[in-house]
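As a plain string of letters, each chain reads:
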Amino acid sequence: MEKKVLLTGIKPTGVPHLGNYFGAIKPALSMVSNDSYDARLFIADYHSINTMRDPEVLRQYVYEVAATWLSCGLDPKKVLLYKQSSVIETFELNIILNAFTAKGLMNRAHAYKAAVDKNREKNNPDDHAINMGLYTYPILMAADILLFDANVVPVGKDQVQHVEMACDIAQAINHNYNDSLLTIPEYVIDDNTQTIVGLDGRKMSKSYGNTIELFLSEKQLKKSLNRIVTNSQEIEEVKDPDSCNVFSLYKLFSTKDQQDQLAARYRAGGMGWGHAKSELFEVVNAELKPIREKYNDLINNKDYIDSVLMEGAEKAREIASKKIFRLRKAIGID
Ligand code: TRP
């Protein structure tokens, strides 16, 4: 039996943090490493120029994303890893999809609507600072998905609408030409994906400035963890692990036994926040140390990353060009 195709894209938007690691990278890796899928993972570099205009920064971010996934355990022999920009068939399909996408559908996209709302709040014209890349973002994303006949698309909640739009567009095309021309994808949201608390106890997010970066040196990591907000209880006081940001992070990196032991110390009194934080450092560092070492090797070995991405691109294009050939024939452009 043929394996189902699983595909997902990552926008190269900068330094990964623990929220990304637990919320996106780990759950996606456990899915793509599952041998029951034919897995494809790509770096959505063309999507990012809607907002990122510095070529050096973009180049660096692409390497960082690739190095992050490779160091966290992605095996490029098992999972196709490539840059969106390498698969130029994507942009040909994008044009085809444009013709079948109702403008009204794009008007309903959350990201576009949020940008309009923001303009209205500030008394700017509706279209102020909105480029067509943002407006048609779901179409390019549909091209990424449909080009590879993806069956399963793991995404975060904010991307569900985009996958649904890809289905709508695909159905319009299938309806006109042939019902089996494009594969209708399905999104999946990982149930295990948890909200990770940041330094200040709110959801860890770049926009709150409360992240703990994934690839800090030991010294920087210690410093970062020391900035976790705690209450002002004294050392001798009895403490509640369940309402503590330090403990909440500790749980992600420790066994049940370790958690019980630390919780008992909280409840016994006589343990200060400094102690709790150094316990946290030990478990975080134990997990991140090998990943950090791999990452540092990789990020200094761009030739290797290039070769992985090049190989991925070749294989991806082989698949994509067949699909485009079939589509052009169906449409009457051949
Ligand atoms: N839009 C996605 C994000 O911002 C990235 C992405 C681009 C993607 N193309 C995709 C995800 C195709 C899944 C499938 O996270």
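Residues numbered from 1 in each chain as written. Predicted model: local features only at pLDDT ≥ 70, side-chain atom pairs only at ≥ 80, totals over all residues. Heavy atoms only, no water.

What the chain contains, in helices and strands, is 14 helices and five strands. When the 334 residues of the chain are sorted by exposure, 47% land in the buried category. Contacts spanning at least 24 positions in sequence make up 78% of the contacts within the chain whose residues lie at least 6 apart. Of the roughly 17500 Å² of accessible surface on the chain, 49% is carried by carbon and sulfur atoms. Each charge sign in the chain was given a centre, from 41 positive and 44 negative side chains, and these centres are 2 Å apart. (Helix = DSSP H or I, 4+ residues; strand = E, 2+ residues; numbered from the N terminus. Buried < 20%, exposed > 50% of the residue type's maximum accessible area, 1.4 Å probe, protein only. Contact = heavy atoms within 4.5 Å. Areas by Shrake-Rupley, 256 points an atom, 1.4 Å probe, with all protein chains shown as cover. Lys, Arg positive; Asp, Glu negative; His and termini not counted. Charge placed at Lys NZ, Arg CZ, Asp CG, Glu CD.)

Glancing now at the packing of aromatic side chains. Tallied over the full model, the rule gives 11 aromatic pairs. Each ring, one from Tyr 21 and one from Phe 22, has its centre 5.0 Å from the other, and the planes form 75°; the classification is edge-to-face. Between Tyr 46 and Phe 91, the ring centres sit 4.9 Å apart and the planes meet at 75°, which makes this aromatic pair edge-to-face. Of this pair, Tyr 46 sits in helix 2 (residues 45–48) while Phe 91 sits in helix 4 (residues 89–100), placing them 45 residues apart in sequence. Its relative accessible area of 40% is what places Tyr 46 among the partly exposed residues. By relative accessible area, which is 23% here, Phe 91 ends up partly exposed. Put simply, the rings of Phe 247, Tyr 250, Tyr 266 and Trp 273 pair up and form one aromatic cluster. (Phe/Tyr/Trp six-rings, centres within 6.5 Å; stacked < 30°, edge-to-face > 60°.)

A separate point is the pattern of salt bridges. In this structure the tally under the stated criterion is 13 salt bridges. Between Glu 279 and Arg 265 there is a salt bridge, with the nearest N and O atoms lying 3.2 Å from each other. Taken as a pair, Glu 279 in helix 13 (residues 273–299) and Arg 265 in helix 12 (residues 256–268) lie far apart in primary sequence, 14 residues in all. Residue classification places Arg 265 among the partly exposed positions, given a relative accessible area of 36%. (Salt bridge = Lys/Arg side-chain N within 4 Å of Asp/Glu carboxyl O.)

Moving on, we get to the site of the ligand. The ligand sits among 14 residues. The nearest are Gly 9, Tyr 137, Met 141, Asp 144 and Gln 159. With respect to the ligand, the side chain of Tyr 137 contributes an N or O atom lying 2.6 Å from a nitrogen atom. The side chain of Gln 159 places a nitrogen or oxygen atom 2.8 Å from a nitrogen atom of the ligand. Computed on the free molecule, the ligand has an accessible area of 370 Å², of which 90% lies beneath the protein chains in the complex. For the shell around the ligand, the secondary structure elements donating two or more residues are strand 1 (4–10) and helix 8 (137–146). Per-element tally for the shell around the ligand: the top contributor is helix 8, with four residues. (Near = heavy atom within 4 Å. Polar contact = N/O pair within 3.5 Å; in protein donor to acceptor, adjacent residues only side chain to side chain.)

This next bit is on the nonpolar core. Grouped together as the largest cluster of nonpolar side chains are 64 residues, with contacts concentrated most on Trp 69, Leu 74, Ile 212, Tyr 266 and Leu 280. A per-element tally of this core places helix 13 first, with 11 residues. Within the second largest apolar cluster, 43 residues are counted, among which are Tyr 112, Ala 150, Ala 170 and Leu 327. (Core = buried A, V, L, I, M, F, W, Y, C linked by side-chain atoms within 4.5 Å.)

Here helix 12 spans 18 Å end to end across 13 residues, near enough to the 18 Å set by a 1.5 Å rise per residue. Along helix 12, the residues classified as buried are Gln 259, Leu 262, Ala 263 and Tyr 266. All buried residues of helix 12 lie within an arc of 105° about the axis, which places them on one face of the element. Turned more than 90 degrees away from the buried face of helix 12 sit Asp 257, Gln 261 and Ala 268, all of them exposed. In this fold, the buried residues of helix 12 make contact with helix 11 (245–253) and helix 13. Among the residues trailing helix 12, Gly 269 stands out with phi positive, at a value near 80°. (Expected span 1.5 Å × (residues − 1). Arc of directions from axis to C-beta.)

Turning our eyes to something else, we now look at helix 9 (residues 160–176). For helix 9, built from 17 residues, the straight-helix expectation of 24 Å at 1.5 Å per residue is met to within 8% by its first-to-last C-alpha distance of 25 Å. Where helix 9 is concerned, the buried positions are Val 160, Gln 161, His 162, Val 163, Met 165, Ala 166, Cys 167, Ile 169, Ala 170, Ile 173 and Asn 174. Along its buried surface, helix 9 packs onto helix 4, helix 5 (103–107), helix 6 (110–121), helix 8, strand 4 (152–154) and strand 5 (186–188).

By themselves, these observations are geometric and do not establish any function.
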